[in-house]
Amino acid sequence: MEMNIILTGTPGTGKTSIANELAKNGFCYVSANEIAIDKKAYTDCKKISGKTRYSVDLKKLKKLLIEKIKKIKNKCIIEGHLLCEIKLPCAFCIVLRCSPKVLQKRLMKKEIDAKIIKENVLAEMLDYPTQLAEQNYGKRKVCELDTSKLTAKQSAKEIINFLENKKSKATQAGISWQCELESHLLKNMKKGKGDYLP
């Protein structure tokens, strides 16, 4: 099974942990974030709540990743939250999804800035990564996996099952948090809040 797989999704959906599990199953693991930092594929960096945040140069990152992929002869998993925004040669682009409430809890455990947490949860509610992935890779190459109730090992197994055409929770039918989004918006409208989180 020689193929390149893109693994993307909102921060907190489990990309790195799942990519590491896939690496245990014969995939060569390429981290887009590590390459962006190591090769200085960014235009700016600044400290937010004690953590360094980078403004990545997507064109430079894409070029670096393509060069890296060409050197790898084995099946490869390329992971990063920005990969939905660029097009790379691949068999599939797998978008990891997560229930907004679960995602919020995961991000809070990472001690991420409150504003960034809100932005990421809203992006998840709006299906932002999936929409961009479909624009860049086409719907036929995009599938989603809800990791809300799955461990990294279970998620990796579901992805492998999907790639091997076995029964899998990974789906091309689409995952939507529209009900959650509408519920939060309605609740906050009633409270007279401009915020979108509960």
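What you see is a predicted model, and the numbers here were worked out from it, not measured in a lab.

## Observations concerning the environment of V95
Looking at the element boundaries, V95 is found in strand β6 (residues 92-97). Judged by its relative accessible area of 0%, V95 is buried. Discounting chain neighbours no more than four positions away, the residues touching V95 are T8, G9, P129, T130, A133, V142, C143, E144 and L145.

## A few points about the packing of aromatic side chains
Enumeration over the complete set of coordinates arrives at 2 aromatic pairs. A centroid spacing of 5.1 Å and a plane angle of 70 degrees characterise the contact between F92 and F162, whose relative ring orientation is edge-to-face. Taken together, the residues F92 in strand β6 and F162 in helix α7 (residues 152-163) connect sequence positions 70 residues apart. On the basis of relative accessibility, which here comes to 21%, the residue F92 falls in the partly exposed class.

## A look at the sheet that holds strand β2 (residues 28-31)
Read across the sheet, 5 strands follow the order β2-β5-β1-β6-β7 without closing on themselves; strand pairing throughout is parallel. Two strands bound the open sheet, and with one partner strand each, they are β2 and β7 (142-146). In this sheet, adjacent strand axes meet at a mean angle of 25 degrees when their direction is disregarded. Bridge analysis of β6 against β7 gives 5 bridges, and the strand direction is parallel.

## With respect to the packing of helix α4 (residues 100-109) against helix α5 (residues 114-125)
Two elements in contact, α4 and α5, have axes whose closest approach is 10 Å; the angle formed by their N-to-C orientations is 155 degrees. As summarised for this structure, α4 and α5 are arranged roughly antiparallel, according to the angle between their axes. Between α4 and α5 the crossing geometry is right-handed. Across from P100, L103, Q104, L107 and M108 in α4, the residues of α5 making contact are I117, N120, V121, E124 and M125. Residue composition of the contact of α4 with α5, grouped by class: 7 nonpolar, 2 polar and 1 charged.

## Thoughts on the side chain of S155
When you line up the elements, S155 lands in helix α7. A residue is classified by how much of its surface remains accessible, and S155, at 1% relative accessible area, is buried. In this view, S155 contacts I18, L145, T147 and L150; residues no more than four positions away in its chain are not counted.

## Re the pairing of β6
Every regular strand shows the same layout, with side chains that alternate between the two sheet faces. Of all 6 residues in β6, 5 are buried; the element is thus mostly enclosed. Note that strand β1 (residues 4-9) and β6 share 5 bridges and pair parallel. When the sheet's bridge partners are listed, I6 is paired in β6 with C93.

## With respect to helix α3 (residues 58-71)
With 14 residues, α3 should reach 20 Å at 1.5 Å per residue; the first-to-last C-alpha distance of 20 Å fits that figure. The complete set of buried residues in α3 reads L61, L64, L65 and I69. The arc that holds every buried residue of α3, seen down its axis, measures 135 degrees, which confines them to one face. Exposed and facing more than 90 degrees away from the buried side of α3 are K59, K63, K70 and K71. Where the residues of α3 are buried, they touch β1, β2, α2 (32-38), β4 (51-56) and β5 (76-79).

## A look at α7
Helix length check: α7 (12 residues) gives 17 Å between terminal C-alpha atoms against 16 Å at 1.5 Å per residue, within 8%. All buried positions along α7 are accounted for by S155, A156, E158, I159, I160, N161, F162 and L163. In this fold, the buried residues of α7 make contact with β1, α1 (15-23), β6 and β7. Backbone geometry just after α7 places N165 at a positive phi near 60 degrees.

## Examining the side chain of S31
With respect to the helices, strands and loops of the structure, S31 is situated in strand β2. Classification of S31 as buried rests on a relative accessible area of 10%. Within polar-contact distance, the side chain of S31 engages the backbone nitrogen of E34 at 3.2 Å.

Reading the values: rules and limits
Per chain, residues are indexed from 1 in the order of the written sequence. It should be noted that, the model being predicted, local features are given only for residues of pLDDT at least 70 and side-chain atom pairs only at 80 or more, the latter also being counted only at that level, while totals for whole chains, interfaces and linings use all residues. Each side-chain value is worked out from all heavy atoms of the structure, with water and hydrogens disregarded. Secondary structure is summarised from DSSP: a helix means a run of H or I of at least four residues, a strand means a run of E of at least two, and numbering begins at the N terminus for each. Type-normalised accessible area, obtained with a 1.4 Å probe on protein chains alone, sets the label of each residue: buried when under 20%, exposed when over 50%, and partly exposed for intermediate values. Here, residues are in contact when the closest pair of their heavy atoms is within 4.5 Å. Ring pairs shown here join Phe, Tyr and Trp side chains whose ring centres sit within 6.5 Å, with only the six-membered ring taken for Trp; geometry is labelled stacked below 30 degrees between planes, edge-to-face above 60, and tilted in between. Here, strands pair whenever DSSP counts at least two bridges between them. Whenever a helix is involved, its axis is fitted only over the stretch in contact; in every case the axis is a line through C-alpha atoms, and angles between N-to-C directions fall within 0 to 180 degrees. Between 65 and 115 degrees an angle is taken as roughly perpendicular, under 35 as roughly parallel, over 145 as roughly antiparallel, and anywhere else as oblique. Should the near helix be turned anticlockwise from the far one by less than a right angle, the crossing is termed left-handed; should it be turned clockwise, right-handed. Ten residue types, Ala, Val, Leu, Ile, Met, Phe, Trp, Tyr, Cys and Pro, are classed as nonpolar, four, Asp, Glu, Lys and Arg, as charged, and the remainder, Gly among them, as polar. A helix is expected to span 1.5 Å for every residue after the first. As used here, the arc is the angular range of directions from the helix axis to the C-beta atoms. Throughout this description, a polar contact denotes any pair of N or O atoms lying within 3.5 Å of each other; where both atoms belong to protein, one of them has to be capable of donating a hydrogen while the other can accept it, and for residues adjacent in sequence the pair is counted only when both atoms sit in side chains.

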